[in-house]
Amino acid sequence: MIWLFYTFLVIGTFFFMEAVAWFTHKYIMHGILWTWHRSHHKLHNHTLERNDLFALVFSIPSIACIVFGSEFPEIRWLMFVGFGILAYGLFYFIFHDVIVHRRIKIKYKAKSKYMKRIMHAHHVHHEVHTKEGARAFGFLYAPKKYEKEKVS
């Protein structure tokens, strides 16, 4: 029965991280830490950008939860929260850096309505190159309003 609880923690944390990422993207990245995120809204030919520092920052709670949860049996559940954060980070990397921004060259064409919608929302977000005025701050979820209209 405990494994059901741990599975719920991983999945629940994964979905909760989308809300954390949305909030952080809107109010931190496009707020006080715009100096880091700005590099992601500019065209460049660098392999890395200052915005990549966020990946390091977001890895800290994941690593801490996994380490403390594995070292102290009374808070073992924290390890699974850490795994949920890690899973979100992996999905984010695959979607954002590989599929959308093609930082690793792959052949991929979105076929599902879901993938088309979240990719379109991300492109809408990048239409604005300034701290203010951006829309669509989610990473793995986008409301239906971001579905592209069918061209007749």
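Below you will find a few notes about this structure. (Residues numbered from 1 in each chain as written. Predicted model: local features only at pLDDT ≥ 70, side-chain atom pairs only at ≥ 80, totals over all residues. Heavy atoms only, no water.)

1. A short note on the overall build of the chain
Tallying secondary structure elements over the chain gives five helices and zero strands in all. Counted from the first residue to the last, the chain has its helices and strands arranged as α-α-α-α-α. When the backbone C-alpha atoms are referred to their principal axes, the chain occupies close to 55 × 35 × 30 Å. Residues counted as buried form 38% of the 152 residues belonging to the chain. Each charge class in the chain can be summarised by its mean position, and for the 20 positive and 10 negative side chains these summaries are 9 Å apart. (Helix = DSSP H or I, 4+ residues; strand = E, 2+ residues; numbered from the N terminus. Buried < 20%, exposed > 50% of the residue type's maximum accessible area, 1.4 Å probe, protein only. Lys, Arg positive; Asp, Glu negative; His and termini not counted. Charge placed at Lys NZ, Arg CZ, Asp CG, Glu CD.)

2. Quick look at helix H1 (residues 2-32)
Along H1, the helix axis deviates most sharply at His 25, where the bend reaches about 35°. Among all positions of H1, only Tyr 6, Leu 9, Thr 13, Phe 14, Met 17, Glu 18, Ala 21, Thr 24, His 25, Met 29, His 30 and Gly 31 are buried. Looking at the buried side of H1, the elements it contacts are helix H2 (34-37), helix H3 (53-71), helix H4 (77-100) and helix H5 (113-125). (Bend = angle between axes of the 7 residues up to and from the residue. Contact = heavy atoms within 4.5 Å.)

3. Comments concerning the packing of aromatic side chains
Here the structure, examined in full by the defined rule, presents 14 aromatic pairs. Aromatic side chains Phe 14 and Phe 15 sit 5.5 Å apart centroid to centroid with 90° between the ring planes, which places their arrangement in the edge-to-face category. When its relative accessible area of 16% is taken as the criterion, Phe 14 is described as buried. Taken together, Trp 3, Phe 5, Tyr 6, Phe 80 and Phe 83 form an aromatic cluster joined through their ring pairs. (Phe/Tyr/Trp six-rings, centres within 6.5 Å; stacked < 30°, edge-to-face > 60°.)

4. Overview of the nonpolar core
One broad trend across soluble globular proteins is that nonpolar side chains are buried collectively. Tyr 88, Phe 95, Met 115, Met 119, Leu 140 and Tyr 146 are the most contacted members of the largest nonpolar core, which totals 27 residues. Among the elements of the structure, H1, H4 and H5 are those that each provide at least two residues to this core. For Met 115, the residues in contact, after removing those within four places along its chain, are Phe 95, Ile 99, Tyr 108 and Ala 110. (Core = buried A, V, L, I, M, F, W, Y, C linked by side-chain atoms within 4.5 Å.)

5. As for the packing of H4 against H5
One can describe the packing of H4 onto H5 by two numbers: an axis separation of 12 Å at closest approach and a directional angle of 75°. In terms of orientation, H4 lies roughly perpendicular with respect to H5. Counting all contacts with H4, which are made through Phe 95, His 96, Ile 99 and Val 100, the residues of H5 involved are Met 115, Ile 118, Met 119, His 122 and His 123. Across the contact of H4 with H5, the residue classes break down as six nonpolar, three polar and no charged. (Axes fitted to C-alpha atoms, helices over the stretch in contact; angles between N-to-C directions. Parallel < 35°, antiparallel > 145°, perpendicular 65-115°, else oblique. Nonpolar A, V, L, I, M, F, W, Y, C, P; charged D, E, K, R; others polar.)

6. Describing H5
Note: α-helices contain 3.6 residues per turn, so residues at a spacing of three or four share the same orientation. Spanning 13 residues, H5 covers 18 Å between terminal C-alpha atoms, matching the ideal 18 Å at 1.5 Å per step. Taken as a whole, H5 has its buried residues at Met 115, Arg 117, Ile 118, Met 119, Ala 121, His 122, Val 124 and His 125. Looking at the packing, one finds that the buried side of H5 touches H1, H2 and H4. (Expected span 1.5 Å × (residues − 1).)

7. So, unusual backbone geometry
Phi at Arg 102 is positive, roughly 55°, even though this residue is not glycine. With respect to the helices and strands, the residue Arg 102 is situated in the loop between H4 and H5. The residue Ala 136 is not glycine, and still its phi comes out positive at about 60°. As for its placement among the helices and strands, Ala 136 is situated in the segment after H5. With relative accessibility at 11%, the residue Ala 136 sits in the buried group.

That is the geometry; function is a separate question.
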